[in-house]
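Chain by chain, the residues run as shown.
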Amino acid sequence: MSSILVTGAAGFIGSHFVRHWVRGNAQDSVVALDALTYAGVEENLADVRDRVTFVHGDIGDSALVDRVLAEHGVHTVVNFAAESHNSLAVLDPRRFFRTNTMGTQALLDSCHRAGVTRFHHISTCEVYGDLALDDDRAFTEQSPYRPRTPYSAGKAAADHAVRAWHETFGLPVTITNCANNYGSHQFPEKVLPLFITRSLDGERIPVYASKDNRREWIHVLDHCRAIEAVLKDGRIGETYHVGTGVEVSVDEMADLVLAELGLPRQRKMTVPDRPGHDRRYLLDSGKIRTELGWAPLVDFGTGLTDTIRWYADNRAWWEPLRGRSPVAEEAWARA
Ligand code: NAD
């Protein structure tokens, strides 16, 4: 039996990737591992339950991971597992380093011991630090790492570990660094679902004071397709950037959500920035486009409308999750 292990599979991107992989790769059995932190939702995998073996566990639990890799004959590991909320990292950095850095390191060890034939690591544009709003450059795969937040520092450390396990132990690795994802099933603490769910509830939406700070947005399915392209045709030891070039400021995003829902701009309220709020990231994704022929397929306007509609239609999914989030975005002035 030959299997792919997806970690962090009950999260936003991980669950989309599992669904995507199951649809296109019927020959593979899929093992979905997730610690089910406050951000993990096993229900995200409900529609593929009969195609996936779910394991409740921590990537840092080496005995468990060793057993899973051996029992399922895992050939490929895709590591999404992470603490992913930048704001929480300001309040509780240690849990980020525990999972994102030490957990990844433990997983690398397990994969080396088991002799997996591919370890694919999911990283982020944030490891490069931020760009000035008027900078005309984009980050390339050669840009220096300059993380500015506990989240991005822990992710950067993990990327270094992944490369080190390749160079030192010969583990066949690939890395993708991706821009900001949007789509269905994103935990309601993140900026876009926060804006949408607050708006749907008739509440005001909290916009950071640095409202012109912007992000590069990619639909989660385009990210999944990029990972698949790297798994199938990417070169071992290489890093690929995954981005769209579509940049939208925090303020513009708030306006787009309000406009789609027919609500007035007065629904916005300004809140203090969280400490270390990065101004801007932009990835040069020329390498994956020219080498692997990947390109984003989802038009931003269409994808955003679909996402807003999904939240409007799936209150039962997000309502129970709201109370689980440990961070109040309005609270930075008091922190
Ligand atoms: P998410 O918070 O929705 O999902 C993370 C999942 O990991 C959750 O299901 C959680 O339960 C699980 N998890 C946490 N700690 C774990 C542990 N120790 N062992 C096993 N599982 C654990 O996050 P997401 O937005 O889906 O992000 C997934 C990955 O993609 C992360 O590595 C993140 O850094 C990266 N990424 C995200 C974005 C984005 O815009 N969301 C952009 C670039 C990269």
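Look a little higher up for the structure.
About the criteria used
Residues numbered from 1 in each chain as written. Predicted model: local features only at pLDDT ≥ 70, side-chain atom pairs only at ≥ 80, totals over all residues. Heavy atoms only, no water. Axes fitted to C-alpha atoms, helices over the stretch in contact; angles between N-to-C directions. Helix = DSSP H or I, 4+ residues; strand = E, 2+ residues; numbered from the N terminus. Parallel < 35°, antiparallel > 145°, perpendicular 65-115°, else oblique. Contact = heavy atoms within 4.5 Å. Nonpolar A, V, L, I, M, F, W, Y, C, P; charged D, E, K, R; others polar. Left-handed = near helix turned anticlockwise from the far one by under 90°. Phe/Tyr/Trp six-rings, centres within 6.5 Å; stacked < 30°, edge-to-face > 60°. Buried < 20%, exposed > 50% of the residue type's maximum accessible area, 1.4 Å probe, protein only. Lys NZ or Arg CZ within 6 Å of the ring centre and 35° of its normal. Salt bridge = Lys/Arg side-chain N within 4 Å of Asp/Glu carboxyl O. Expected span 1.5 Å × (residues − 1). Near = heavy atom within 4 Å. Polar contact = N/O pair within 3.5 Å; in protein donor to acceptor, adjacent residues only side chain to side chain. Areas by Shrake-Rupley, 256 points an atom, 1.4 Å probe, with all protein chains shown as cover. Disulfide = S-S within 2.5 Å. Pairing = 2+ DSSP bridges.

Caption draft 1: Main features of the packing of helix α10 (residues 300-313) against helix α11 (residues 315-322). It is at 6 Å that the axes of α10 and α11 come closest, and there the two elements cross at 75°. Overall, the two elements α10 and α11 adopt an arrangement that is roughly perpendicular. Only R315, W317 and W318 of α11 make contact with α10, whose side of the interface consists of W310, Y311, A312 and D313. The residue inventory of the contact of α10 with α11, partitioned by class, reads 5 nonpolar, no polar and 2 charged.

Caption draft 2: A look at the packing of helix α1 (residues 12-24) against helix α7 (residues 220-233). Remark: α1 packs on α7, axes separated minimally by 9 Å, with the N-to-C direction vectors making an angle of 60°. Regarding the angle of α1 to α7, the classification is oblique. The chirality of how α1 crosses α7 is right-handed. Taken together, the residues of α7 that come into contact with α1 (itself represented by F12, I13, H16, F17, H20 and W21) are V220, L221, H223, C224, R225, I227, E228, L231 and K232.

Caption draft 3: Looking closely at the packing of aromatic side chains. Across all of its chains, the model carries 12 aromatic pairs by this definition. Judged by centre distance (6.4 Å) and plane angle (70°), the rings of Y182 and W217 are edge-to-face. Taken as a pair, Y182 in strand β7 (residues 180-182) and W217 in strand β9 (residues 214-219) lie far apart in primary sequence, 35 residues in all. For W217, a relative accessible area of 5% translates into the label buried. With 6.3 Å between their ring centres and 75° between their planes, Y311 and W317 make a pair best called edge-to-face. According to the relative accessible area criterion, Y311 is buried, its value standing at 1%. Residue classification places W317 among the buried positions, given a relative accessible area of 13%. Grouped by ring-pair contacts, the aromatic residues F17, W21 and F80 constitute a single cluster. K232 extends its terminal NZ or CZ atom over the ring of W21, reaching a point 5.2 Å from the ring centre.

Caption draft 4: Broad picture of the pattern of salt bridges. In total, this model carries 26 salt bridges according to the counting rule given. In this structure, the salt-bridge partner of D92 is R95, at a minimum N-O distance of 3.7 Å. The salt bridge involving R309 is made with E260; its shortest N-O contact spans 3.4 Å. Taken together, the positions of R309 in helix α10 and E260 in helix α8 (residues 250-260) put the pair 49 residues apart, joining distant regions of the chain. The class of E260 is partly exposed, set by a relative accessible area of 28%. Where salt bridges share partners, they join D130, R148, D278 and R279 into one cluster.

Caption draft 5: Seen up close, α7. The end-to-end C-alpha separation of α7 is 20 Å, in line with the 20 Å expected for 14 residues at 1.5 Å each. Counting buried residues along α7, 10 of its 14 residues qualify, which places the element largely inside the surrounding structure. Among the residues making up α7, those that are buried are V220, D222, H223, C224, A226, I227, E228, A229, V230 and L231.

Caption draft 6: Geometry of the site of the ligand. Looking at the ligand, there are 28 residues lining it, with D34, S84, Y151, K155 and N181 nearest. A distance of 3.0 Å separates an oxygen atom of the ligand from a polar atom in the backbone of G11. A35 places a main-chain nitrogen or oxygen 3.1 Å from a nitrogen atom of the ligand. Look at the ligand: alone it shows 840 Å² of surface, and the protein chains cover 96% of it. Those elements that provide at least two residues to the shell around the ligand are α1, β5 (118-124), α5 (150-169) and β7. Broken down by element, the residue count for the shell around the ligand peaks at 3 residues, all from β5.

Caption draft 7: Structural view of the state of the cysteines. Scanning the entire structure with this criterion turns up 0 disulfides. The cysteine C125 is free of any disulfide, with C178 supplying the nearest cysteine sulfur at 7.5 Å. Accessibility expressed as a relative area gives 3% for C125, which makes it buried.

Caption draft 8: The arrangement of the sheet that holds β7 in detail. Taken in spatial order, the 3 strands line up as β7-β9-β11 in an open sheet, and their pairing is mixed. At either end of the open sheet lies a strand with only one pairing partner, and these are β7 and β11 (247-249). Each strand axis lies, on average, 50° off the axis of its neighbour in the sheet, ignoring direction. Against the sheet, α8 contacts β9 and β11, and its axis sits at roughly 85° relative to β11.

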